[in-house]
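Summary of the model geometry
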Amino acid sequence: MIELTLIGIGTGNPGHLTLQAIEAMNAAELILIPLKGADKSDLAGLRRTMCETHITNPATKVVEFALPVRDAANPSYRQGVDDWHDAIAAAWQDEIRAHVGESGKVALLVWGDPSLYDSTLRLAERLARVMPVTTRVIPGITAIQALCAAHAIPLNEIGAPVQITTGRQLRDQDWPEGVDTIVVMLDGECSFTHLAPEGVEIWWGAFVGMSEQILRTGPLSEVGPQIVRTRAEARAEHGWIMDIYLMRRA
Ligand SMILES: C[S@@+](CC[C@H](N)C(=O)[O-])C[C@H]1O[C@@H](n2cnc3c(N)ncnc32)[C@H](O)[C@@H]1O
């Protein structure tokens, strides 16, 4: 039996790593670190540093492997993602068989928390179809928590709902029904520019929790254009960007 532990590591701040995460890292026989080719963000580097800093168990082996690349040419996005996930699960399987065989403790370090816009739990399900696997999750600090903490704001208004959505959804569907607070993730295009800005406040953050952190807040009508400029400049400077924002309407 493979005991697979998915460890949430927070959003890029080494201080986000919990004591429970460190304990789980040291309990693992094998930690797999995916390498994303010419990944400018060097997220693998951060995971590697976390392992070097916190693993004291000499029996824990840290192995890097090349993450298969999604075929962007596939005309069906869903099929492309499906095939890509099959390829990643197969790569995990190869590494696990090579390093611990059919039984052992294996861990993966997941950005933020595995429950939020992350495919690792779905990949674990795929792995369980081809080898006996039990899956455990160690929760991590999400980008939503990091954003609210950075701006020192509550996520919700008293007794009110919140919707977590993506840039694509916001562009396609406008402001969602029934909520006055929305959090937008996975937005490469400043999709807030598609909204009527009147009465909307925005709390935006890029590289939240990291040394490069940038924050902007204010009425969307005033701050929106600044965010578009700041985001483009930061992306050009660093070669990559991760951003998230919360908006509330009056
Ligand atoms: C694939 S999702 C992963 C989310 C992650 N599992 C979590 O718990 O936050 C990536 C998105 O999370 C957000 N994100 C993650 N880390 C961030 C950071 N340090 N600063 C700003 N946004 C971040 C961005 O919206 C990015 O597009």
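Anything mentioned here points back to the structure above.
These notes cover the structure that comes with them. (Residues numbered from 1 in each chain as written. Predicted model: local features only at pLDDT ≥ 70, side-chain atom pairs only at ≥ 80, totals over all residues. Heavy atoms only, no water.)

**What about the site of the ligand?**
- Within the structure, the ligand sits among 17 residues, and D113, L116, A143, V208 and D243 are positioned closest to it.
- One of the backbone N or O atoms of A143 is found 2.8 Å from an oxygen atom in the ligand.
- When the free accessible area of the ligand is taken as 570 Å², the share hidden by the protein chains comes to 90%.
- Split by residue class, the shell around the ligand holds eleven nonpolar, four polar and two charged. (Near = heavy atom within 4 Å. Polar contact = N/O pair within 3.5 Å; in protein donor to acceptor, adjacent residues only side chain to side chain. Areas by Shrake-Rupley, 256 points an atom, 1.4 Å probe, with all protein chains shown as cover. Nonpolar A, V, L, I, M, F, W, Y, C, P; charged D, E, K, R; others polar.)

**Regarding the packing of helix α3 (residues 77-99) against helix α4 (residues 120-130)**
- Viewed as axis vectors pointing N to C, α3 and α4 meet at an angle of 65°, and their least axial separation amounts to 9 Å. Classified by chirality, the crossing of α4 by α3 is right-handed. Residue-level inspection shows D82, H85, D86, I88, A89, W92, Q93, I96 and R97 of α3 in contact with α4, the latter providing T120, L123, A124, R126, L127 and V130.
- Here the contact of α3 with α4 is built from residues that sort into eight nonpolar, three polar and four charged. (Axes fitted to C-alpha atoms, helices over the stretch in contact; angles between N-to-C directions. Helix = DSSP H or I, 4+ residues; strand = E, 2+ residues; numbered from the N terminus. Left-handed = near helix turned anticlockwise from the far one by under 90°. Contact = heavy atoms within 4.5 Å.)

**Some remarks on the sheet that holds strand β8 (residues 200-206)**
- Strand order in this open sheet of five strands is β6-β7-β10-β8-β9, and the pairing throughout is mixed. What marks the edges here is a single partner per strand, and that holds for β6 (162-166) and β9 (214-219). Strand-to-strand, the axes of this sheet are offset by a mean angle of 15°, without reference to chain direction.
- Where β8 lies against strand β10 (residues 243-249), seven bridges are found, and the strand directions are antiparallel. Within β10, the position partnered with W204 by the bridge is Y245.
- The sheet contacts of helix α7 (residues 220-238) involve β8, β9 and β10, and relative to β9 the element is tilted by about 160°. (Pairing = 2+ DSSP bridges.)

**A word on the packing of helix α1 (residues 19-27) against helix α2 (residues 43-54)**
- The geometry of α1 relative to α2 is characterised by a closest axis approach of 10 Å and an angle of 80° between their N-to-C directions. Put simply, α1 runs roughly perpendicular to α2. Residues I22, M25 and N26 of α1 touch α2, and the partners they reach there are M50, C51 and H54.
- When its residues are assigned to classes, the contact of α1 with α2 shows four nonpolar, two polar and no charged. (Parallel < 35°, antiparallel > 145°, perpendicular 65-115°, else oblique.)

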